[in-house]
Structure formats: structure tokens, C-alpha cells
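# Tertiary structure, described
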Amino acid sequence: MLESLRTIDDNVKKWMKEVRVKVIASFNDDLDVKTKSGPNDLVTNIDREVEEFYKDKIKKYYPGSEIIGEESAHEVRKPKNEGLLWVIDPIDGTMNFVKQKNHFASMIAIYRKGTAIRGYIYDVMQDKLYWGGPEIGVYCNQDKIEPPSDKKLNKGLFGVGAPLLIDNYHNLQKAALESCGTRIYGCSGIQFIHVLNGQCVAYISYLRPWDYAAGKVLAETLDLVVKTIDGRPIDMLSSSDVLVATKNAQKDITRIVQSTY
């Protein structure tokens, strides 16, 4: 199994490098931008092309796999077989991609028989791939990264989704004030990276499976907490508020949240 995972790692890394070339080349073209659920929920022809690229590669090299992709998933259902399940977010942070040409990621998570085995978050413009899994640890490109320090909320920055902060979801404004400050990037992949490498002690937003699947694999490998805001486990196929944090920061946020009940 370890040898097969090494081959998967090599393939995914190669695919993501090819995606980077496609994405950067698209900056010279006119994007076909459409809205999905609302004016701030965008999809482009590049999102769709990248997802189809990944799907074609997976079907070629790993036939029989099941695939959940953001741009093609009309329903998220429990896998039908016990083979590989791939969860794809071709371009996470599409608004950033369209408006800034920066601060977006491409993400893939892989499960086998319901167990997470690999996560990949590619900061495309920085050319930094965070990848790994339970038996090998987490790497940034070729360098293994250590688990971040278990800091409390008041010792670090707090990443948060803008709607949750604006609406003061479960008293999040108080949590933000207790931290050293908030950071909002509009890309869950980038925000997961900031918790993985210790730049933030926590991140919370309302996320769909493709938004957090890869980050959850990597974060839990680094002994970080990934749960709902009130401490419940997260089903890999559910959409909900998702909190990734150091253990101490998660305790602080839970305390603040519980004070609202």
C-alpha cells in the first residue's frame, strides 16, 4: 500500500504542476465567468477545465475510483464502493482568482474505505504544495513540516469567513477580539495552510466537503483539531461550519461559543 501511495503522490504532484501552467496561461485570456448560488459565488471556464483534467487523469490511472468535484457534484452521496474516493476543488478561491490572480488554491483529498489517506493543497501562485497523510506526515514541497505550537487563541491570529464574523455567528466577534487579530482571505485552502504552518491558531468558516477535505487530512495529521464550532465530529460528506485550530485555541473558542447558549 505504501508503494502505491508513493505512486499516487508522484502522479498528483505532476498533475498539479500541469494545472499551474494551465492556470497561469489563462491570465492572458478572457475568462468565461458565471455565477452559481449568487453574485459572489463564481465559477469560470478554468474551474471546469481543471476539474475535468483531474477527473480524466484519475479515470485513466485509477479506474473504478469515485470522484466528488465541486463543479460537477449535484449531490454528495456516500461512496458506493470501497475503492478510492477523490474529493476535488479545482480552484478554491475563485473570486480571488478572477479579481486578484492570487490567493487561490487547488485541492485534492483521497479516501479509501472511508478513511482519509492523502490531502493536497496547492498554493498555485506561490508554487507551494502542502501534501501528506497519516503515515508519512505533512510536507511543503519536499520539506517536512512540524506540528505548529499549541498556542492559545490570545497568542495568535484567527482566520474567519467574513459572513460568520459579520453575522456574529455563535459569538465569533468575541472570539475575534480575544485573538491577536483576524485574517480573511476568501480561500479556505490558503487559510488551512496558515493554520498548518502556525501563521494562524485557528480558522473557521461554513464549508462544503471539497472546501475542507484536503485540509482536514493534513490538519489532523499534524495533531490539529478539525470539528464543528461546538465540538462535534465532521462527516467527510457534510456541509457545515468547520473549525481547524490548535487544541488550546479550540478550547478557548468552544468556551466563548458555549457562553452564548
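Below you will find a few notes about this structure. Note that this is a predicted model, so its numbers are computed, not measured. (Residues numbered from 1 in each chain as written. Predicted model: local features only at pLDDT ≥ 70, side-chain atom pairs only at ≥ 80, totals over all residues. Heavy atoms only, no water.)

### Section: the pairing of strand S6 (residues 115–123)
Counting buried positions over the 9 residues of S6 gives 7, a clear majority of the element. Across 8 bridges, the pairing between strand S5 (residues 105–112) and S6 is antiparallel. When the sheet's bridge partners are listed, Ile110 is paired in S6 with Arg118. Hairpin connection between S5 and S6: a loop of 2 residues separates the two successive antiparallel strands, and Lys113 in this loop has a positive phi of roughly 55°. With 5 bridges joining them, S6 and strand S7 (residues 128–133) adopt antiparallel strand pairing. (Buried < 20%, exposed > 50% of the residue type's maximum accessible area, 1.4 Å probe, protein only. Helix = DSSP H or I, 4+ residues; strand = E, 2+ residues; numbered from the N terminus. Pairing = 2+ DSSP bridges.)

### A word on the pairing of strand S14 (residues 240–245)
Two faces make up the sheet, and in a regular strand the side chains alternate between them. With 6 of 6 residues buried, S14 is to be regarded as a mostly interior element. Where strand S12 (residues 202–207) meets S14, 6 bridges bridge the pair, whose relative direction is antiparallel. Residue pairing across strands places Tyr203 opposite Val244, the latter belonging to S14. The sheet contact formed by strand S13 (residues 225–227) and S14 spans 3 bridges and is antiparallel.

### Observations concerning the state of the cysteines
Within the structure shown, the criterion is met by 0 disulfides. Just so you know, Cys140 is unpaired, no disulfide at all, and the nearest cysteine sulfur is the one on Cys187, 15 Å from it. Cys180 forms no disulfide, and the closest cysteine sulfur to it belongs to Cys200, at a distance of 10 Å. (Disulfide = S-S within 2.5 Å.)

### Structural notes on the side chain of Asn11
Note on placement: Asn11 falls in helix H1 (residues 2–26). Ignoring any residue separated from it by four or fewer positions in sequence, one finds Asn11 in contact with Tyr61 and Tyr62. (Contact = heavy atoms within 4.5 Å.)

### Thoughts on unusual backbone geometry
One non-glycine residue, Lys101, lies in the positive phi region at around 55°. Structurally, Lys101 can be placed in the loop between helix H3 (94–99) and S5. Under the relative-accessibility criterion, Lys101 is labelled partly exposed at 36%.

### Quick word on helix H7 (residues 209–221)
Its 13 residues place the ends of H7 18 Å apart at the C-alpha level, agreeing with the 18 Å of an ideal helix rising 1.5 Å per residue. If you look at H7, its biggest bend is around 30°, right at Gly215. The buried count for H7 comes to 11 of 13 residues, which makes it a mostly enclosed element. All buried positions along H7 are accounted for by Pro209, Trp210, Asp211, Tyr212, Ala213, Ala214, Gly215, Lys216, Val217, Leu218 and Ala219. (Expected span 1.5 Å × (residues − 1). Bend = angle between axes of the 7 residues up to and from the residue.)

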